[in-house]
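An overview of the molecular structure
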Amino acid sequence: MTNFQYFFEQYPVNSAPFMHKMLEDYQFRKPFAGMTIAHNVPLTRTTLLKIACLKASGASVTVTNPSFIKDSAQCVDALSREGIQFTPLHSLKGSFDFLLDCGAELIEQCQATQGIVELTRTGAIRYEQLSDSQVPIVSVDDTRLKALETCLGTGEGVYRAVTELSPEAIENKRILIFGFGKVGTGIAYYFSQKTDHISVVDMLPERLSIIESRGYRAISAELPKQVEQAIKQADVIITATGIKDILSHSYEHEWFTRKILANAGAEDEFGFKFSDNEVLADKKPVNFALDEPTLMPFLDPIFYAHNLAIEDALSNQTAGFRALDKAHDQAIIQTWAQHHQWTIDQLNDIF
C-alpha cells in the first residue's frame, strides 16, 4: 500500500466523495500530463488526498506550505515516499505551468505560464489587483461553494478549537465576534448551538440587519461606546475581520483582560498590543492548532474545485481575474448537499 492509498482509506468515500471521484477520473484521463504545478495550500493529512489527485493527473507537483501553518513532518514524509518534492515557501521560486495558491503567497516569487488558481479572499483581492496578468487567474473564493469550507468548515473548526483549548467550559458563555463575513457567520452558527449570548460587531448596515434577524446582538463598529461595553461584558472574543492589527488600532488593551481570546483570521487581528500568550494558539488562526483544522467533509468540495479550476483555465484561456465557472459551482453544491443530507434551503439559511 502506498502512502496515498493509506490516507484515502483514512478518508473513505462517505467523507470525501469528490476526492475519490477525482482520483479515479484523473488516473484514467491524465488531464495534466507533463505539466508543472506549484501547490501552496495548508499541508495537512486531508490535503494529501488533493495532492494525490494532482499526481494521478500526470503533473509534476512541487508542494509548499503557507506561512501561517507549521510544516507537518508526517505529511512531508508522506510526500517524500510518493516522490513528490516539498520546498519551504521562502525557497520556492521559478516558473510553473500552474500556481495553486492560498493567500497569494506565490505572487512575488513564482511565475505561471498557463494559469493561477487562488483559494482565499485575501489572495483573490491581491490577484484581482494585478493589471498586467498574461494568464487566467481563477478564484475559487468567488463562488457559492466556498462557503461550505469558509463558513461551515472554518466555523466548526474555530468552535472545536476554542472549546478544546479554552481553560473553561464554553456553555452559556457570552461570545463576542468581530466580523460577520463567511467566517464570522459560521462561527456564530456553531456557537449558537451552545449559548444564546452571542454578539457580533460589524460595520456594514446590511450585515447588521442579518445579525439581528438571526437572533444575535448586532453592534455597529461605528459606535465605539457600544463596542467598548460589549468587549467588557464578553467572556470569549473571536476575531474574523480579515484585517491585520484591527483590535490594537481600534481599542484599549485593558478592556480584554481575563477573557478567552481567539483569532480566526489568516492575519494577526489582535495585533501589536497583545502578546502571543494572551491569545489562544499564539494569535495564529486558532483552528490550525488542531490536527484537523477543518473536517474533511467541508474540505472535500473545495479541494475538488481548486484542482478542477485548472481545467477551467485551460478551457477558457482569457487572461485576467475571474471566478470559477458558475455551472461547476452550482453542481458541486448540489452534489455535496445531497450526499451529506442537507437541503439547499438549509444552506441558504446559514450563508
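Provided above is the structure to which this section pertains.
What comes next is a walk through the structure. (Residues numbered from 1 in each chain as written. Predicted model: local features only at pLDDT ≥ 70, side-chain atom pairs only at ≥ 80, totals over all residues. Heavy atoms only, no water.)

Helix and strand content of the protein chain: 13 helices and 12 strands. Computed over its C-alpha atoms, the radius of gyration of the protein chain comes to 20 Å, within 12% of the 20 Å expected for a compact globule of 351 residues. Referenced to the eigenvectors of the C-alpha coordinate spread, the extents of the protein chain come out at roughly 60 × 40 × 40 Å. Per-residue burial over the protein chain gives 56% buried out of 351 residues. The long-range fraction of contacts in the protein chain, counting pairs at least 24 apart against all pairs at least 6 apart in sequence, stands at 62%. If you sum the accessible surface of the protein chain, you get close to 15500 Å²; carbon and sulfur atoms cover 48% of it. Charge centroids of the protein chain, computed over 31 positive and 45 negative side chains, lie 2 Å from each other. (Helix = DSSP H or I, 4+ residues; strand = E, 2+ residues; numbered from the N terminus. Rg over C-alpha atoms; globule rule 2.2 N^0.38 Å. Buried < 20%, exposed > 50% of the residue type's maximum accessible area, 1.4 Å probe, protein only. Contact = heavy atoms within 4.5 Å. Areas by Shrake-Rupley, 256 points an atom, 1.4 Å probe, with all protein chains shown as cover. Lys, Arg positive; Asp, Glu negative; His and termini not counted. Charge placed at Lys NZ, Arg CZ, Asp CG, Glu CD.)

A separate point is helix α3 (residues 47–56). For α3, a buried count of nine out of 10 residues is recorded, marking the element as mostly surrounded by other parts of the structure. Of the residues making up α3, those classed as buried are Thr 47, Leu 48, Leu 49, Lys 50, Ile 51, Ala 52, Cys 53, Leu 54 and Ala 56.

This brings us to the sheet that holds strand β8 (residues 198–202). Across the sheet, five strands lie side by side as β9-β8-β7-β10-β11; this open sheet has parallel pairing. Unpaired on one side and paired on the other, β9 (217–220) and β11 (260–263) mark the two borders of the sheet. Between one strand and the next, the sheet's axes are offset by a mean angle of 20 degrees, whatever the strand orientation. Here β8 pairs with β9 via four bridges, running parallel. Paired with Val 201 across the strands is Ile 219, a residue of β9. Each of β8 and β9 is contacted by helix α8 (residues 205–213), which is oriented at about 160 degrees to β9, the strand it contacts most. (Pairing = 2+ DSSP bridges. Axes fitted to C-alpha atoms, helices over the stretch in contact; angles between N-to-C directions.)

Under the definition given, this model contains 20 salt bridges. Residue Arg 174 is joined to Asp 235 by a salt bridge in which the shortest nitrogen-to-oxygen separation is 3.1 Å. With Arg 174 in the loop between α6 (146–165) and β7 (175–178) and Asp 235 in the loop between α9 (224–233) and β10 (236–239), this residue pair connects regions lying 61 residues apart in the sequence. The partly exposed category is assigned to Arg 174, whose relative accessible area is 43%. Between Asp 202 and Arg 207 there is a salt bridge, with its nearest N and O atoms 3.2 Å apart. Since its relative accessible area comes to 6%, Asp 202 is described here as buried. Several salt bridges share partner residues, and in doing so they unite Arg 121, Asp 141, Asp 142, Lys 146, Glu 149 and Lys 182 into one network. (Salt bridge = Lys/Arg side-chain N within 4 Å of Asp/Glu carboxyl O.)

Our focus in this paragraph is the pairing of β10. Of the two faces of β10, both are covered, the one formed by Val 236 and Ile 238 as well as the one formed by Ile 237 and Thr 239. In this structure, β7 lies alongside β10, joined through four bridges in parallel fashion. From the neighbouring strand, Ile 177 faces β10, where its bridge partner is Ile 238. Looking at chain direction, β10 and β11 are connected through four bridges and run parallel. Of the residues in β11, the one forming a bridge with Ile 238 is Ala 262.

What follows covers the nonpolar core. The nonpolar side chains of soluble globular proteins are, as a tendency, buried together. One finds Met 19, Leu 79, Leu 152, Val 162, Ile 187, Phe 191 and Ile 238 to be the most contacted residues of the largest nonpolar core, which totals 91 residues. Broken down by element, this core gets its largest block of residues, 11 residues, from helix α11 (residues 296–315). With residues up to four places along the chain from it excluded, the contact list for Met 19 reads Phe 8, Leu 49, Lys 50, Cys 53, Met 296, Asp 300, Phe 303 and Tyr 304. Of all hydrophobic cores here, the second largest spans 17 residues; its members include Leu 176, Ala 230, Leu 247 and Trp 255. (Core = buried A, V, L, I, M, F, W, Y, C linked by side-chain atoms within 4.5 Å.)

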